[in-house]
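One-letter residues, chain by chain:
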Amino acid sequence: MSARRTSRRLADGREIIYFDDTPGAPPREASDTRPLDGRAVAGQIRYDALVGDWVAVAGHRLNRTFLPPKDECPLCPTGTGSVPSEVPETSYDVVVFENRFPSYAPVTDGLAPAAGAPELFRAAPARGRCEVVCFTSNHDATFADLTAERARTVIDAWADRTAELGAMPEVEHVFCFENRGQEIGVTLHHPHGQIYAYPTVPQRTHDLLVRAQKHHERTGRLLGADILAAERECGERIVLSSEHWTAYVPFAARWPVEVHLVPNRDVADLPQLSDAERDDLARVYLDLLRRLDRYYLGADGAPIRMPYIAGWHQAPAKRGREVSRLHLQVMSVLRAPGKLKYLAGSESGVGGWVNDVPPEAIASRLREVAP
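Scoring rules and cut-offs
Residues numbered from 1 in each chain as written. Predicted model: local features only at pLDDT ≥ 70, side-chain atom pairs only at ≥ 80, totals over all residues. Heavy atoms only, no water. Helix = DSSP H or I, 4+ residues; strand = E, 2+ residues; numbered from the N terminus. Buried < 20%, exposed > 50% of the residue type's maximum accessible area, 1.4 Å probe, protein only. Polar contact = N/O pair within 3.5 Å; in protein donor to acceptor, adjacent residues only side chain to side chain. Contact = heavy atoms within 4.5 Å. Pairing = 2+ DSSP bridges. Axes fitted to C-alpha atoms, helices over the stretch in contact; angles between N-to-C directions. Parallel < 35°, antiparallel > 145°, perpendicular 65-115°, else oblique. Left-handed = near helix turned anticlockwise from the far one by under 90°. Nonpolar A, V, L, I, M, F, W, Y, C, P; charged D, E, K, R; others polar. 1 Å grid on protein atoms, 1.4 Å probe; cavity = no way out; pocket = protein on both sides within 12 Å on 5 of 7 lines; lining within 4 Å. Points joined across faces, edges and corners; volume = space filled by probe spheres on them. pLDDT = per-residue confidence, 0-100. Expected span 1.5 Å × (residues − 1). Arc of directions from axis to C-beta.

What to know about the side chain of glutamine 314
Here glutamine 314 shows up in the loop between strand 13 (308-313) and strand 14 (327-332). Judged by relative accessible area, glutamine 314 falls into the buried class, the value being 5%. Of note is the side chain of glutamine 314, whose polar atom sits 3.2 Å from the side chain of threonine 162. Within the structure, glutamine 314 has its side chain in polar contact with the backbone nitrogen of leucine 270 (distance 3.0 Å). Glutamine 314 has contacts with Thr162, His173, Val174, Cys176, Ala268, Asp269, Leu270, Pro271 and Leu326, leaving out every residue within four places of it along the chain.

Observations concerning the sheet that holds strand 5 (residues 94-98)
Backbone-to-backbone hydrogen bonds pair the strands of a sheet. The strands run either parallel or antiparallel. The strand order 1-2-5-7-9-8-13-14-12-11-10 describes an open sheet built from 11 strands, whose pairing is antiparallel. Each edge of the open sheet is held by one strand with a lone partner, namely strand 1 (4-9) and strand 10 (238-241). When the angles between neighbouring strand axes are averaged without regard to direction, this sheet yields 20°. In the sheet, strand 8 (residues 173-180) pairs with strand 9 (residues 192-198) via five bridges, with the strands oriented antiparallel. From the neighbouring strand, valine 174 faces strand 9, where its bridge partner is alanine 197. Strands in contact with helix 3 (residues 223-234) are strand 10, strand 11 (245-248) and strand 12 (257-263); relative to strand 11, the strand with the most contacts, it is inclined by about 70°. Each of strand 8, strand 10, strand 11, strand 12, strand 13 and strand 14 is contacted by helix 4 (residues 275-292), which is oriented at about 140° to strand 10, the strand it contacts most.

Quick word on the packing of helix 1 (residues 148-166) against helix 4
Between helix 1 and helix 4, the least distance of the axes is 9 Å, while the angle of their chain directions is 120°. If you check the angle between helix 1 and helix 4, you find them oblique. Where helix 1 crosses over helix 4, the two elements pack in a sense that is right-handed. Here Ala148, Ala151, Arg152, Ile155, Asp156, Trp158 and Ala159 of helix 1 lie close against helix 4, whose contacting residues are Asp275, Arg278, Asp279, Leu281, Ala282, Arg283, Tyr285 and Leu286. Tallied by class, residues from the contact of helix 1 with helix 4 come to nine nonpolar, no polar and six charged.

What to know about the layout of surface pockets
Size it by volume and the second largest pocket reaches roughly 300 Å³. Ranked by residues supplied to the lining of the second largest pocket, first place goes to strand 8 with three residues. Taken together, the residues that form the lining of the second largest pocket break down as seven nonpolar, eight polar and five charged.

Here we look at the confidence of the model for the chain
Summarising the model, the chain shows a mean pLDDT of 95, and 98% of its residues fall at 70 or more. Averaged pLDDT values for the elements of the chain fall to 92 in strand 6 (residues 123-125) and rise to 99 in strand 11.

Quick notes on helix 2 (residues 203-219)
Between its first and last C-alpha atoms helix 2 spans 24 Å; for 17 residues at 1.5 Å apiece the expected length is 24 Å, and the two agree. Of all the positions in helix 2, only Thr205, Leu209, Ala212 and His215 are classed as buried. With its buried residues spanning 130° around the axis, helix 2 presents them on a single face. Every exposed residue of helix 2 that faces more than 90 degrees away from the buried side is listed here: Arg211, Glu217 and Arg218. Summarising the contacts, the buried residues of helix 2 are in contact with strand 8 and helix 3. Just past helix 2, the residue glycine 220 takes up positive phi, approximately 80°.

Right, here's the structure in full:
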C-alpha cells in the first residue's frame, strides 16, 4: 500500500509534502503560523573557467541553523519542542519541504548579470530547488533504525521528488543524498537527508555521463552493467546480494569505507524502480547501513556509529538517460576509530586520491559484520 501524499504551504510560501504510511494517520491540515520573512531568493552560479564547472554562491546560508538543542530542533513536529518547527503538524511519518536556506531556489530577485561582463566571468541566477527529507519524526533515530515499511516510504518520496523536480524546465539534474554525523558536517542532528535540483549537470555527474557515453559507443553496452557483471564474476568485493540488488566495494574505492549499491536490472533513475525493487531496496539498504554501524568497535568493544554520505547517482533529467545506470554510493571519512581521512594536498590540490585501506579489506569486514 503506497503512502498518502499531501502537499501544503508554509508561512513564507515554501511547499511541504507529507508522505503518510501509518493506517489512520490524520489529515494534514495544520497551518504554519510563524511570522516568517519572505523566502530566500536564489543566489548566483558562477562559471569556473579553469575547470569548466559552475559554483553556487549563496551568502544567505551563512545564517542557517547550526546544531540547535533538541527542544529547538526545526525538523521535529511542532509541539514537541519549545518553539514552532518547520513542520506545522504535531506528528508525521515522512515529510519533505523546501529548504529555508537553499543553495538553489525557484525565486530570483529579477536582477540579470551585469551587462558587458567579461566572458571569463559568466554568471546566472542559481535557479533550482533544495528540499529537506525527514525520514522520521523520532529525533533520536537514524535511517538504520527505520522499519522496512518506513524505508520504503522514504524511497517512494525520493522517486516522487526526482520525477517532479526533474520535470521543471530549469532543472538539469536531481541528487538525493544523506549526510550523517558531525564528522561529515551535519548541522542538524534529526535524521534527515536532502534533495538538490540543479540548473546544470554537476561536474561528477557530467564525468560519469561522459564515461558512460564513450563505453556505450565502443561496446553498445551500459558501463554500469558491465562493472556490476565484472564485480559479481570476481566476487571478492561483493558485500551482499538479493533478488534485485547487489552491494559491492568498488575496485578503485577512494574512501576508507565505500560501498556501491546497484539494481540488478538496468534502471536509469529512482522513478523507474518497480514495486518489487523498491521493497527489496528497503530491506537491503537497511542491512547495509546496520553493517556499517558495526564496522568499527570502540575501546570498550561497543560499535561506533558510522558517519557517512549516501548519494543516489542517477541519470540527468534531460539528457544521457539512455546510457545512465542508477547506483547509490555510500562513503565515510572515518578511516579508524577516532581518526578521519582529510582531503589534504594531493586530493584537494590536484584530485590525486590515495586510499590507505584496500577495497578487498573493506568488503571482507562488511561481510564479517552481517547479522
